[in-house]
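# Report on the structure
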Amino acid sequence: MTDLNADIESLLTENRSFLPPPEFVRQANVNDPLIYEQADANFEEYWSNWATQLDWFKKWNETLDWNPPFAKWFINGKLNVSYNCLDRHLQSGRRNKAALIWEGEPGDWKVYTFGDLHREVCRFANGLKSLGVKKGDRITMYMPMIPELTIAMLACARIGAPHSIVFGGFSSESLRDRINDCGSKILITADGGYRRGQIIPLKKNSDEALEATPSIEKSIVVKRIGEKAKVQMKPDRDIWWDDLVRDAPYTFEAEHMDSEDMLFVLYTSGTTGKPKGVVHTTGGYLTGVYATTKWVFDLKDDDVYWCTADIGWITGHSYIVYGPLANGATTVMYEGSPDFPDKDRFWDIIEKYRCTILYTAPTAIRACMRWGEEYPAKHDLSSLRLLGTVGEPINPEAWIWYHTNIGGSRCPIVDTWWQTETGSILITPLAGLTTTIPGSATKPFPGIRAEVWDANGNPVSPGNGGYLVLTRPWPSMIRTIYGDNERFKEQYWTKYPNTYFTGDGAKIDENGYIWVLGRVDDVINVAGHRISTMEVESALVDHSSVAEAASIGRSDSLKGQAVVSFVILKDAISSSKILEDELKAHVTKKIGAIARPDKIFFTADLPKTRSGKIMRRLLRDIAEGHVLGDTTTLADASAIELLKDQYEDAE
Ligand code: WT7
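Presented here is a report on the structure given in the accompanying data block. (Residues numbered from 1 in each chain as written. Predicted model: local features only at pLDDT ≥ 70, side-chain atom pairs only at ≥ 80, totals over all residues. Heavy atoms only, no water.)

This brings us to the site of the ligand. Residues in close proximity to the ligand total 17 residues, the closest being Asp 415, Thr 416, Thr 420, Asp 504 and Arg 530. Contact between the ligand and Gly 391: a nitrogen atom at 3.1 Å from a main-chain N or O atom of the residue. Gln 419 places a polar side-chain atom, nitrogen or oxygen, 2.9 Å from an oxygen atom of the ligand. Here the ligand has 560 Å² of accessible area as a free molecule, and 96% of this is covered by the chains. Residue assignment for the shell around the ligand shows that the elements contributing at least two residues are helix 12 (314–326), strand 20 (413–416) and strand 25 (514–519). (Near = heavy atom within 4 Å. Polar contact = N/O pair within 3.5 Å; in protein donor to acceptor, adjacent residues only side chain to side chain. Areas by Shrake-Rupley, 256 points an atom, 1.4 Å probe, with all protein chains shown as cover. Helix = DSSP H or I, 4+ residues; strand = E, 2+ residues; numbered from the N terminus.)

As structure tokens, this is what we get:
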């Protein structure tokens with residue numbers, strides 16, 4: 001924990017605090033501080049009160065069955081997520097309200113009312129059914145940020161076919177592995193997507209992936225690009241989306257799903273090379289995202305809510321699609337990049353649709369900071385009333401910039417901590433109640449117990465660092481890792497008995513505020529995206545020139561962390577700039593551009609313990625220019641000094 005304590009030092013100096021603005025408090029969805037005690041005193045009743053706000057075909061008869069580490073919530077309850085996101089709003093007078101406002105990167109845009117979205121979801125569900133899709137079948141999506149992605153998710157939920165969404169930036173090999181892990185029957189993709197004016201060849205990548213995916217029967221292709229994409233449709237396998245839905249009926253009865261039926265699986269990087277399929281189920285997940293969207297974002301009926309994430313990540317699942325739509329809110333979805341055609345694209349979108357709530361990532365805020373405040377200054381951002389951040393710790397400087405330049409010093413900021421596994425936000429301010437301090441995610445959401453423990457499982461005293469743990473089950477928690485209960489237990493529940501270990505280090509201060517410091521395992525966080533050092537290492541050793549590789553995350557002022565790899569080449573292979581570029585391209589091809597190392601350093605030796613374990617901690621010290629930490633466990637302590645000198649000479 002030596003590294004953590006260094007970070008704590010700098011955080012402890014942050015003393016600016018921001019009270020909830022009185023005009024915000026007056027109108028807030030939650031402004032009674034007693035809620036924390038009430039929720040904590042009887043958390044099952046508290047969560048069941050939330051669940052009651054959803055529409056159930058059949059009510060549950062027991063709130064929680066906790067058999068650690070396996071939880072079941074709202075036992076024997078029956079409901080449908082698509083029904084809760086659509087049908088119930090048609091009955092409550094929102095048929096003609098905007099549900100989805102979509103903005104394409106080239107500047108095209110489209111608004112779907114709840115009535116429109118319901119119709120298109122039903123048509124597509126009928127299309128899927130005509131291909132033989134039924135409850136329980138898995139469906140993979142590899143799509144751009146277009147309305148058909150949201151429609152496909154809700155159609156899957158309507159049938160009860162769990163979806164598995166693979167971020168469009170992943171490679172064909174990553175897509176193939178994720179399809180094979182969950183045995184998907186159908187792939188939904190597009191002829192391409194737009195990113196900074198370029199076309200992303202999703203169909204071409206899909207074709208490569210589908211060469212080795214025996215479970216796939218059909219692939220549905222959305223026409224996003226047209227002629228220019230030059231795609232080849234494979235007869236008997238590929239079907240155009242438009243052809244599939246052309247004559248499909250406008251209605252489709254929502255399947256009655258059990259509360260514990262799987263809603264989706266979403267792959268995320270773990271500490272080993274193989275991504276984990278995080279399983280979320282129906283009733284608990286929907287309750288968690290419904291509740292947190294309503295309270296954390298203070299969501300009202302006339303809000304225009306925009307979360308800038310990609311739906312390929314959990315943030316998009318929970319806070320573009322399911323949370324907002326379960327609340328009957330208007331949600332904005334943007335296809336492209338924040339700097340296309342210019343660096344004011346975000347601010348233009350806010351002005352154009354008069355967005356009231358913005359949820360984005362520290363890395364995006366830091367990029368905007370770098371581009372300059374003249375870009376937001378060109379736009380009327382007065383519609384905004386609440387700002388949020390997620391994905392990585394936010395540095396106080398970025399927080400203050402966001403508050404001043406985007407929030408007009410008027411909007412509260414919610415710094416929300418959670419994970420793919422937690423399903424919904426667990427540590428966050430509530431804008432009508434919590435005094436915020438830049439850099440702290442503050443307190444657990446009502447009903448959640450988050451603590452900071454030392455290695456022996458004792459809570460640390462205020463001001464100290466330790467491991468962030470969750471000591472009580474919550475409705476939207478991960479149920480298992482797809483097909484691997486053992487790995488699920490091992491990953492999250494063995495460090496401390498019956499306690500969920502987050503993999504994060506954190507500090508708790510005198511006010512009980514939590515300061516999340518970042519991962520303490522072999523996972524790195526690049527621009528808010530989780531990457532496993534082991535995954536990058538296996539991609540590197542897969543190259544014919546590489547004998548051994550070690551990767552680490554080095555602090556990066558823009559991305560939070562950047563990948564740096566140390567590579568030992570095979571005998572007779574010599575290092576070169578060309579080889580460095582080739583290895584970077586190899587990682588992109590194997591995993592995707594997000595995992596591409598920023599720097600590759602060729603070395604003859606790697607620091608290892610006597611038992612042969614690579615000491616990545618020391619490599620991080622070298623890459624960050626720190627004094628080397630404890631080297632007493634090294635097998636050969638002299639080599640490390642040499643490596644450090646060589647690295648510094650090369651910088
Ligand atoms: C990891 C989870 C769920 C949101 C997107 C990332 C880091 C997330 C914060 C925050 C500090 C944060 C943690 C966590 N993280 N939010 N507000 N402050 N760190 O989801 O890919 O599952 O990654 O992101 O390290 O463990 P994910």
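Now for the packing of helix 20 (residues 616–623) against helix 21 (residues 637–650). Close contact between helix 20 and helix 21 brings their axes to 9 Å; oriented N to C, the two are set at 35°. Here helix 20 runs over helix 21; the crossing is right-handed. Two secondary-structure elements touch here, helix 20 through Leu 618, Leu 619, Ile 622 and Ala 623 and helix 21 through Ile 640, Leu 643, Lys 644 and Tyr 647. (Axes fitted to C-alpha atoms, helices over the stretch in contact; angles between N-to-C directions. Left-handed = near helix turned anticlockwise from the far one by under 90°. Contact = heavy atoms within 4.5 Å.)

Quick look at the sheet that holds strand 22 (residues 465–470) now. Here four strands make up an open sheet; going across it, the order is 21-22-24-25 and the pairing antiparallel. Bordering the open sheet on either side are strand 21 (450–453) and strand 25, each of which pairs with just one other strand. Along the sheet, successive strands turn relative to each other by an average axial angle of 45°, direction set aside. Bridge analysis of strand 22 against strand 24 (residues 500–508) gives five bridges, and the strand direction is antiparallel. Bridged to Val 469 within strand 24 is Phe 501. (Pairing = 2+ DSSP bridges.)

Moving on, we get to the pairing of strand 24. Of all nine residues making up strand 24, nine are buried, and the element is well covered by its neighbours. The sheet contact formed by strand 24 and strand 25 spans five bridges and is antiparallel. By the bridge assignment for strand 25, Gly 505 is matched with Gly 518. The hairpin formed by strand 24 and strand 25 contains five residues between the paired strands, and Gly 512 there has a positive phi angle of roughly 80°. (Buried < 20%, exposed > 50% of the residue type's maximum accessible area, 1.4 Å probe, protein only.)

The values reported here are purely geometric and, on their own, carry no functional implication.
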